[in-house]
Amino acid sequence: MNDFGQWQEQAAHRLLSHLMQRTAASEAVGILQVWHAYPREQARDDLDVTGTPAGREAEARRIIAVVDNAADARADRDAHWDPFER
Amino acid sequence: MTDHIHDVSAAVLELAESLRADQPRDETLARMADRVVTLLPGADAASVTLFDGGEPTTVAATEAGALSLDKVQYSLDDGPCIEAARTETVVRTDIDQARRRWPALADAAADAGVETMLSCPLFVRSDNAANLEAANHHRLSGALNVWSRRPGSFEPGHAALIALFTTAMSGVILTAARWRRAQIQAEQLVTALDTRDAIATAKGIVMARRGLTADEAFGWLTDLSQRTNRKIRDLAGVIVADPGLVEPKEPASRRPSPRRSANS
């Protein structure tokens, strides 16, 4: 692949990565809205506590994982795993 | 004549260098029409006609009289301007010829004191068409119209001068069309991103309210969309505005708490 092709591929990867980060952040905002019963704007601010894109993404992934894992645990009766019991 | 070509070339170059992609197309064409009047020997007024959706419209005119002469031609669906655009040839006519071919236009021209008319075709090939044939079919067309209050103006040799202007104008029109298309695409992308955000947020709300995984929540939204025959993006907007509309699956006490994990 020539340099132009590589550049395009890298740009496409970066774009995809940004889109996935943005989607994760938006999902986490929705979860925070339900948990705290507050508006979307406040959820966005809370998600951005670190003030960095990496921090926001990590927090979003953590929040999604909490709900995902809880849902998975409920779906599997034999698992008996509760991520909130620590 | 050589001096004229030099002057016109210099003017067109200066205009080209001063063009900004985000400058309104019609503003630029109006500036060019002004230059035509200044630089084309015998020219007293000029206007630019573009066919927008098959209908001719004057997008620039140096004076109101030029605009009214254009309008007469549009109502007749004939005249030098219409003929130039349709036949893609330069059409020069004087008041006597006009009286024979387009009497209503000749009357209007006489009222405006116009003796000679020159219309030069403008055509811009669409650059987003799939092939050359389609590009020819979808091109924009129009005309640069120049009016003189002197009889016998616009010698055949002036065609070279006017061609410089029409070529530059075609470039302006093409650039403006490309700019507009890029703007529309950018606006559509922003809208698509906003819609995507709203759907993702709605998905998060459904996950938290219904105790579902991300995939299950999206499935839940899809099912709801099919059952209610409403688009997911519309449902997402409603859910984001009022998350309480999503009925919880379990009592609040059994839903996940917002506590952070020990290592966060």
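Residues numbered from 1 in each chain as written. Chains lettered and ligands numbered in written order. Predicted model: local features only at pLDDT ≥ 70, side-chain atom pairs only at ≥ 80, totals over all residues.

Before going further, it helps to spend a moment on the overall build of chain B. Along chain B, the regular secondary structure elements total ten helices and five strands. Counting across all 264 residues of chain B, residues that qualify as buried make up 38%. Here the contacts in chain B between residues at least 6 apart in sequence split such that 62% fall between residues at least 24 apart. (Helix = DSSP H or I, 4+ residues; strand = E, 2+ residues; numbered from the N terminus. Buried ≥ 20, exposed ≤ 12 C-beta atoms within 10 Å, placed from the backbone. Contact = placed C-beta atoms within 7 Å.)

Let us look at the overall build of chain A. Within chain A, the secondary structure is distributed over three helices and zero strands. When the helices and strands of chain A are read in sequence order from the N terminus, they spell out α-α-α. Classification of the 86 residues of chain A by burial places 29% in the buried group. Of all intrachain contacts in chain A linking residues separated by at least 6 positions in sequence, the fraction that spans at least 24 positions is 45%.

To continue, consider the sheet that holds strand 1 (residues 45–52) of chain B. Residue and element names in this part refer to chain B. One open sheet holds the five strands; their spatial order is 2-1-5-4-3, and the pairing between them is antiparallel. Edge strands, defined here as strands with exactly one partner in the open sheet, are strand 2 (55–61) and strand 3 (91–94). Ignoring which end each strand starts from, the neighbouring axes of this sheet average 20° apart. In this sheet, strand 5 (residues 140–148) lies alongside strand 1 in antiparallel orientation, the contact comprising six bridges. Note that in strand 5 the partner of Ala46 across the bridge is Val146. Sitting on the sheet, helix 4 (residues 80–87) touches strand 1, strand 2, strand 3, strand 4 (116–124) and strand 5, and the angle it makes with strand 4 is about 30°. (Pairing = 2+ DSSP bridges. Axes fitted to C-alpha atoms, helices over the stretch in contact; angles between N-to-C directions.)

Considering the arrangement of structural elements, one finds Ala24 of chain A in helix 1 (residues 3–36). The residues touching Ala24 of chain A, leaving out its near neighbours within four places in the chain, are Glu57, Ala60, Arg61 and Ile64 of chain A.

Another aspect to go through is the nonpolar core. In this structure, Val36, Leu144, Val146 and Met169 of chain B are the most contacted members of the largest nonpolar core, which totals 48 residues. In terms of residue count, helix 8 (residues 159–210) of chain B provides more of this core than any other element does, eight residues in total. In this structure, Ala28 of chain A together with Val206, Ala208 and Leu221 of chain B belong to the second largest nonpolar core, which totals 34 residues. (Core = buried A, V, L, I, M, F, W, Y, C linked by C-beta atoms within 7 Å.)

Residue and element names in this part refer to chain B. Two numbers describe how helix 8 lies on helix 9 (residues 214–228): the axes approach to 9 Å, and their chain directions differ by 105°. As far as their axial angle goes, helix 9 and helix 8 are roughly perpendicular. Two secondary-structure elements touch here, helix 8 through Ala202, Lys203, Val206, Met207 and Arg210 and helix 9 through Ala214, Ala217, Phe218, Trp220 and Leu221. A breakdown of the residues in the contact of helix 8 with helix 9 according to their chemical character gives eight nonpolar, no polar and two charged. (Parallel < 35°, antiparallel > 145°, perpendicular 65-115°, else oblique. Nonpolar A, V, L, I, M, F, W, Y, C, P; charged D, E, K, R; others polar.)

Residues and elements named next belong to chain B. With eight of its nine residues buried, strand 4 lies for the most part within the structure. Here strand 3 runs beside strand 4; their pairing, made up of four bridges, is antiparallel. Note that in strand 4 the partner of Arg92 across the bridge is Leu118. In this sheet, strand 5 lies alongside strand 4 in antiparallel orientation, the contact comprising nine bridges. What sits directly across from Ser119, in strand 5, is Asn145.

Further remarks concern helix 9 of chain B. Residues and elements named next belong to chain B. The end-to-end C-alpha separation of helix 9 is 21 Å, in line with the 21 Å expected for 15 residues at 1.5 Å each. Those residues of helix 9 that fall on the buried side of the exposure criterion are Ala214, Ala217 and Leu221. For helix 9, the arc enclosing every buried residue in end-on projection is 65°, short of the 170-degree limit, so these residues lie on one face. Away from the buried face of helix 9 by more than 90 degrees, exposed residues Asp215, Thr222, Asp223, Gln226 and Arg227 are located. Trailing helix 9 by a residue or two, Asn229 shows a phi angle of about 55°, which is positive. (Expected span 1.5 Å × (residues − 1). Arc of directions from axis to C-beta.)

Bringing the environment of Ala66 of chain B into the picture now. Residues and elements named next belong to chain B. Mapped onto the secondary structure, Ala66 falls in helix 3 (residues 64–76). What makes Ala66 buried here is the crowd of 24 C-beta atoms within 10 Å. Considered as a pair, Ala66 and Ala45 are 21 residues apart in the sequence and their alpha carbons are 6.4 Å apart. Setting aside residues up to four positions removed in sequence, Ala66 forms contacts with Ala45, Ala46, Ser47, Ala61, Asn145 and Trp147.

Turning to unusual backbone geometry, a few remarks are in order. At Ala37 of chain A, a position not held by glycine, the phi torsion is positive, near 55°. Within the secondary structure, Ala37 of chain A sits in the loop between helix 1 and helix 2 (40–47). For Phe154 of chain B, which is not a glycine, the phi torsion comes out positive at approximately 60°. Among the structural elements, Phe154 of chain B can be located in the loop between strand 5 and helix 8. Judged by the 24 C-beta atoms lying within 10 Å of it, Phe154 of chain B is buried.

Moving on to the confidence of the model for chain B. Residues and elements named next belong to chain B. Per-residue pLDDT for chain B averages 84, and the proportion of residues at 70 or more is 85%. Counted against residues more than four places away or in other chains, residues 259–264, with its pLDDT under 50, gives four contacts. The complex prediction reports pTM at 0.62, with the ipTM value standing at 0.79. (pLDDT = per-residue confidence, 0-100.)

Okay, the confidence of the model for chain A next. All names here are of chain A. Looking at chain A, pLDDT values average 82 and 80% of them are 70 or higher. Across chain A, the element-wise mean pLDDT spans from 87 in helix 3 (residues 53–75) up to 92 in helix 2. For residues 76–86, every residue scores under 50 in pLDDT, and the model assigns this stretch ten contacts once sequence neighbours within four places are set aside.

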